[in-house]
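For reference, the chains in residue letters:
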Amino acid sequence: MSFTEYRFFIFFAVVYVVLWLLKLAFSSKKSFTAMNKTILLLSSYALTAIVDWRFCISLAIVTAIVYFAALKMNESIKIRRLLMFLGVSVIIAQLGFFKYFNFFSQSIGTLLGKDFVTINLVAPLGISFYSFSAIGYLVDVYRKKYPANKSFSDVALYISFFTKLVSGPIVRPEKFFNQLDKEHCVSLKNLEAGIQIVLLGMFKKMVLADNLSVFVNDVFGAPKAFDSVTVLLAMISYSLQIYFDFSGYSDIAIGFSKILGFNFDKNFNLPYASLNPTEFWKRWHISLSQWLQEYLYISLGGNRKGKLRTYINLLLTMLIGGLWHGANFTFIVWGGINGLGLIIHKLFRSLNKKKTESPVTKTISCVLCFCFATITWVFFRAESFANAADMFIGLTQHEGIRQIYTWSFVAVIFALAEIIFAFLKKNDNGGKISAEYITLDLTKISGLTLFFIFAGITVLFAYIGNTAFIYGNF
Amino acid sequence: MKLNLKDSSFKTTLIWFLKVLAAGIVSLAVLSVVAFFYSYTGIHTTNTTKATDYTWLPYQRMNNMKEGFSFIKMDKNGFNNAEIRNDKIDILLMGSSHMEAYQVNQNENCSFILNELLPEYYTYNIGISGHTIYRVADNLDNALNKYKPQKYVIIETNTIQLDSFQMKKVLSGESSAIKSYDSGVLFYLQKIPAFKPVYNQIDNWLNTKTSSESFSDSPNIENIVVGDEYKKTLFDFLSIIASESENSRVTPVIVYAPNETLSKDGSLVFRTNDKFLEVYKETCESLGIIFIDMSEPFAEMYSEEKKLAHGFPNTAVGVGHLNKYGHRTVAKTIAEKICRSEGK
């Protein structure tokens, strides 16, 4: 069930009304908090069960492993490392089995010239994201960042919380647990802010990303039919589509969480305003980038073991990050190119320590960084290497259909407007370009009017069709 | 004023609801302006002549930036014609939204180009949305009586694989007309430009099926066998067109404008079932109906100009209604066929 399906809205509304009724019924904060958590946990498992009840089993297994392993780590110093290793291994094994068994089986079979067995598997809903959340929690407890949470229901809710279950964001455990017993609750203020973030996300997803997907699917589906201008426009359109799709998804998740009283950090911060690949990964899918840095890159040694090891660690991190996105060599290549981009940027920075200051240099850097990202996205989107190659060859085709797709320009204008708006506001944010959620005051006529107009425009221009969230596949 | 439940009193809540109402009215007005330019078809009312199920209001303005970019005005009869001559009508164009041509400007649609290519004949277009060949066949008698074309009646269709059930309904006189809301609340609501597109969007959203549902629901028309019963039903159905044309002493022409898709290697594919096409052609021939298959002219246009007959810069490639290239090619092909059949 996707965030943009009306069934999800009904589900969410029911949960929300129940929480309000509980809030009104329980005067004691403590008993309300306990009931609130129980309802949220039940809702999370109910939503998973609506999709497929068997997915709840996987979710429960991961929760049990994480809870008991972390708890035992608290008790026994001797076996901390073993528990962490075992816990992480079981989670990775489960993830690997569901997502990569067929990929590795087929790949090894092809290498050896044999037909290895493949299984008809459907990966449990959100397995990539809750596995990462679980691993992060275990490693943090092992690293003694905070003690293990003694409440099973809190850990279970952290792993399964339905607004972040399917595609994140990967919320840090301590941030989540801290909110569980503090201020979090349903309130009109949270509703006012949350509903606007949800609407922004819906606009990005249903109006911009989904309309772009129509064109992108056409061109990537038959690149040989189009001329160079159209192929180039499709590549740029995909860069924008994936941004609006996933940042839209993240906004919806953050907005729904906000309505329920949880504050999650933004997951995208104007990635296409980045001046270099390093900055790009600090702005793109921030929760995953941070996770990879903290639990993979640093675990591999980070930059503590010399330059060469730093570069190798970077490359490995990005290759594994690529593979995490899907069981296909195109994702590995996408990760590899991004890893190389980060290495080249680090090398460049070590050779040229002078900071780029001029606006012209910054603009050129920004455009080049966008071009680099656009090239890498071709591998991310393409079904195969042949498809990616056809796209690049398409850039030289003089003959073919020329489709100057209008929505591409609308998306470019919106993306630029976001950056320009942040640029004009940057002095308020310590001179750094940063995205912010604009919250209208819904107690005023002006705020309500703008909100209704934005909602109406979202409905009017939305592409209605079967367009799943891109990251829903991962 | 703060949105805080504890502070909220009846008065505060009432004031807030009044604000919501005011904001709703203002935003509806703003959205209506946007919708008017983005996608506005106006109101259709029941056609009392029964030449078609409905017509648009006389001189109805229509704007479209959703599928193509067009800004048109209907004629005094509520059909899409750039001008109405006082002459007798020579060619009557009938068909669905493709012929209605709400997606292209009036000087780019098939009837306009036909009037240019065949200046000695006056072509009048009563093509209108939703009028598939079943509805056209059902209305044909009334259309011919009303407009009295002298030479040809041209019927556009984008399918030759007909549904036996629908054909039988027309044959038994049980086929029902497309409904219009001529009065009541819905009639007036349609006057608000934002109402219809927003309603349609929400309706489509609520009816969007998930991938698995839509797969199982997909029509199984490919499995229909071209059996003798189907052939007979098709013959009887097309006989309506043939006999009513004969009664009015006009030559019937059916123009088949198939939808095209692109294959992975970039070649053009028509999803036409050859067996059905053959049967359709043969039946038309036996009944004296001129059949024009647009597959070849469309393929030729793609091969020579890399242009597709359907689709727009704001839609999927080659998907949707006929675009200006499609209309041009259809008009040229019809004109050539008429000239050839008249030995010109």
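Remember, predicted model here, so these are calculated numbers, not experimental data.

Considering a positive patch on the surface
Right, on to step 1. A cluster of basic residues, Arg143(A), Arg304(A), Lys305(A) and Arg309(A), forms a positive patch on the protein surface.
Right, on to step 2. The class of Arg304(A) is exposed, set by a relative accessible area of 55%.

Remarks on helix α17 (residues 445–461) of chain A
Right, on to step 1. The terminal C-alpha atoms of α17(A) lie 24 Å apart, and with 17 residues this matches the ideal 24 Å at 1.5 Å per residue to within 8%.
Right, on to step 2. What α17(A) keeps buried is the set Gly447(A), Leu448(A), Thr449(A), Phe451(A), Ile453(A), Gly456(A), Thr458(A), Leu460(A) and Phe461(A).
Right, on to step 3. Buried-residue contacts for α17(A) involve α8 (188–221) and α16 (406–425) of chain A together with α1 (10–38) and α7 (195–206) of chain B.

Here we look at the interface of chain B and chain A
Right, on to step 1. Counting residues at the interface gives 44 residues for chain B and 43 residues for chain A.
Right, on to step 2. A buried area of about 3600 Å², summed over both sides, lies between chain B and chain A, and 71% of it is on carbon and sulfur atoms.
Right, on to step 3. Here chain B and chain A share 1 salt bridge between them.
Right, on to step 4. The salt bridge involving Lys264(B) is made with Glu383(A); its shortest N-O contact spans 3.2 Å.

Comments concerning the domain arrangement of chain A
Residue and element names in this part refer to chain A.
Right, on to step 1. Along its sequence, chain A is organised into domain 1 (6–185) and domain 2 (190–275 + 356–473).
Right, on to step 2. Each of domain 1 and domain 2 has a C-alpha centre, and the two are 29 Å apart.
Right, on to step 3. Contacts between the two partners involve 22 residues from domain 1, matched on the other side by 19 residues from domain 2.
Right, on to step 4. The junction of domain 1 with domain 2 conceals about 1900 Å² of combined surface from both sides, 71% of it contributed by carbon and sulfur atoms.
Right, on to step 5. On the surface where domain 1 and domain 2 come into contact, there are 1 salt bridge.
Right, on to step 6. A salt bridge links Lys175 to Asp265; its shortest N-O distance comes to 3.1 Å.
Right, on to step 7. For the interface between domain 1 and domain 2, the tally reads 3 residue pairs in polar contact (both at pLDDT 80 or more).
Right, on to step 8. If you list the elements that add at least two residues to the side of domain 1 that touches domain 2, you get α1 (6–25) and α7 (173–180).
Right, on to step 9. Sort the elements by how many residues they give to the side of domain 1 that touches domain 2 and α1 lands first, with 5 residues.
Right, on to step 10. Partitioning the side of domain 1 that touches domain 2 into residue classes produces 15 nonpolar, 5 polar and 2 charged.

Looking at a nonpolar patch on the surface
Residue and element names in this part refer to chain A.
Right, on to step 1. Side chains of Val412, Leu416, Ile420, Phe423 and Leu424 sit close together on the surface and give an oily, nonpolar patch of about 480 Å² of accessible area.
Right, on to step 2. Here Val412 shows up in helix α16.
Right, on to step 3. The exposure class assigned to Val412 is partly exposed, which follows from its relative accessible area of 30%.

Observations regarding the pairing of strand β9 (residues 251–256) of chain B
Residue and element names in this part refer to chain B.
Right, on to step 1. The buried count for β9 comes to 5 of 6 residues, which makes it a mostly enclosed element.
Right, on to step 2. Across 6 bridges, the pairing between strand β8 (residues 152–157) and β9 is parallel. Residue Thr157 lies in a different strand from β9, and its bridge partner there is Tyr256.

Brief notes about the sheet that holds strand β6 (residues 91–94) of chain B
All names here are of chain B.
Right, on to step 1. Read from one edge of the open sheet, 5 strands run β7-β6-β8-β9-β12, paired in parallel fashion. Edge positions in the sheet fall to β7 (123–125) and β12 (290–293), since each has one partner strand and no second. Taking each pair of neighbouring strands and ignoring which way they run, the sheet shows an average axis angle of 20°.
Right, on to step 2. In this structure, β9 lies alongside β12, joined through 4 bridges in parallel fashion. Counted as the bridge partner of Ile254 is Phe291 from β12.

Quick notes on the packing of aromatic side chains
Right, on to step 1. Across all of its chains, the model carries 74 aromatic pairs over all chains by this definition.
Right, on to step 2. Measuring from centroid to centroid gives 6.4 Å for Phe79(B) and Tyr124(B), while their planes differ by 90°, and the two rings are edge-to-face. Taken as a pair, Phe79(B) in the loop between β5 (70–73) and β6 and Tyr124(B) in strand β7 lie far apart in primary sequence, 45 residues in all. Comparing Phe79(B) with Tyr124(B) shows no difference in burial state: the two are buried.
Right, on to step 3. Above the ring of Phe176(A), the side-chain terminus of Lys164(A) is found at 5.8 Å from the ring centroid.

Section: the sheet that holds β5(B)
All names here are of chain B.
Right, on to step 1. Read from one edge to the other, the open sheet built from 3 strands follows the order β1-β4-β5, with strand pairing classed as antiparallel. Two strands bound the open sheet, and with one partner strand each, they are β1 (39–40) and β5.
Right, on to step 2. Across 4 bridges, the pairing between strand β4 (residues 61–64) and β5 is antiparallel. Bridge pairing in β5 places Asn64 opposite Ser70.

Considering the side chain of Ser187(A)
Right, on to step 1. Structurally, Ser187(A) can be placed in the loop between α7 and α8.
Right, on to step 2. Apart from the residues within four sequence positions on either side, Ser187(A) is in contact with Tyr16(A), Trp20(A) and Lys23(A).

Comments concerning the environment of Val378(A)
Right, on to step 1. Assignment of secondary structure puts Val378(A) in helix α14 (residues 359–381).
Right, on to step 2. Sequence separation of Val378(A) and Phe161(A) is 217 residues, and the distance between their C-alpha atoms is 33 Å.

Concerning the pattern of salt bridges
Residues and elements named next belong to chain A.
Right, on to step 1. The final tally for this structure, using the stated rule, is 19 salt bridges over all chains.
Right, on to step 2. Linking Lys145 and Glu294 is a salt bridge whose minimum nitrogen-to-oxygen distance equals 2.3 Å. In this pair, Lys145 is assigned in the loop between α5 (127–142) and α6 (152–160) and Glu294 in helix α11 (residues 286–297), connecting sequence segments 149 residues apart.
Right, on to step 3. According to the relative accessible area criterion, Lys145 is partly exposed, its value standing at 40%.
Right, on to step 4. A relative accessible area of 12% places Glu294 in the buried class.
Right, on to step 5. Lys205 is the partner of Asp210 in a salt bridge, and the nearest nitrogen-oxygen pair spans 2.9 Å. Comparing Asp210 with Lys205, the two get one shared label, buried.
Right, on to step 6. Here the residues in one salt-bridge network are Asp140, Lys145, Arg172 and Glu294, joined through shared partners.

Quick word on unusual backbone geometry
Right, on to step 1. The residue His285(A) is not glycine, and still its phi comes out positive at about 40°.
Right, on to step 2. With a phi angle near 60°, Lys306(B) is a residue other than glycine that sits in the positive phi range.
Right, on to step 3. Inspection of the secondary structure puts Lys306(B) in the loop between α11 (295–305) and α12 (324–341).
Right, on to step 4. On the basis of relative accessibility, which here comes to 25%, the residue Lys306(B) falls in the partly exposed class.

Some remarks on the packing of α8(A) against α17(A)
Residues and elements named next belong to chain A.
Right, on to step 1. Following both chains from N to C, one finds α8 and α17 inclined at 30°, their axes separated by 9 Å at the closest point. Judged by the angle between their axes, α8 and α17 are roughly parallel. The handedness of the crossing between α8 and α17 is left-handed. Across the interface between the two elements, Ile195, Gln196, Leu199, Leu200, Met202, Phe203, Met206, Val207 and Asn211 from α8 touch Phe451, Phe454, Ala455, Ile457, Thr458 and Phe461 from α17.
Right, on to step 2. Broken down by class, the residue content of the contact of α8 with α17 amounts to 12 nonpolar, 3 polar and no charged.

Rules and cut-offs
- Residues numbered from 1 in each chain as written.
- Chains lettered and ligands numbered in written order.
- Predicted model: local features only at pLDDT ≥ 70, side-chain atom pairs only at ≥ 80, totals over all residues.
- Heavy atoms only, no water.
- Patch = residues over 30% accessible without salt bridge, like charges linked within 9 Å, V, L, I, M, F, W, Y side chains within 5 Å.
- Areas by Shrake-Rupley, 256 points an atom, 1.4 Å probe, with all protein chains shown as cover.
- Salt bridge = Lys/Arg side-chain N within 4 Å of Asp/Glu carboxyl O.
- Lys, Arg positive; Asp, Glu negative; His and termini not counted.
- Charge placed at Lys NZ, Arg CZ, Asp CG, Glu CD.
- Buried < 20%, exposed > 50% of the residue type's maximum accessible area, 1.4 Å probe, protein only.
- Helix = DSSP H or I, 4+ residues; strand = E, 2+ residues; numbered from the N terminus.
- Expected span 1.5 Å × (residues − 1).
- Contact = heavy atoms within 4.5 Å.
- Buried area = accessible area lost by both parts, 1.4 Å probe.
- Domains from an automatic or database assignment.
- Polar contact = N/O pair within 3.5 Å; in protein donor to acceptor, adjacent residues only side chain to side chain.
- Nonpolar A, V, L, I, M, F, W, Y, C, P; charged D, E, K, R; others polar.
- Pairing = 2+ DSSP bridges.
- Axes fitted to C-alpha atoms, helices over the stretch in contact; angles between N-to-C directions.
- Phe/Tyr/Trp six-rings, centres within 6.5 Å; stacked < 30°, edge-to-face > 60°.
- Lys NZ or Arg CZ within 6 Å of the ring centre and 35° of its normal.
- Parallel < 35°, antiparallel > 145°, perpendicular 65-115°, else oblique.
- Left-handed = near helix turned anticlockwise from the far one by under 90°.

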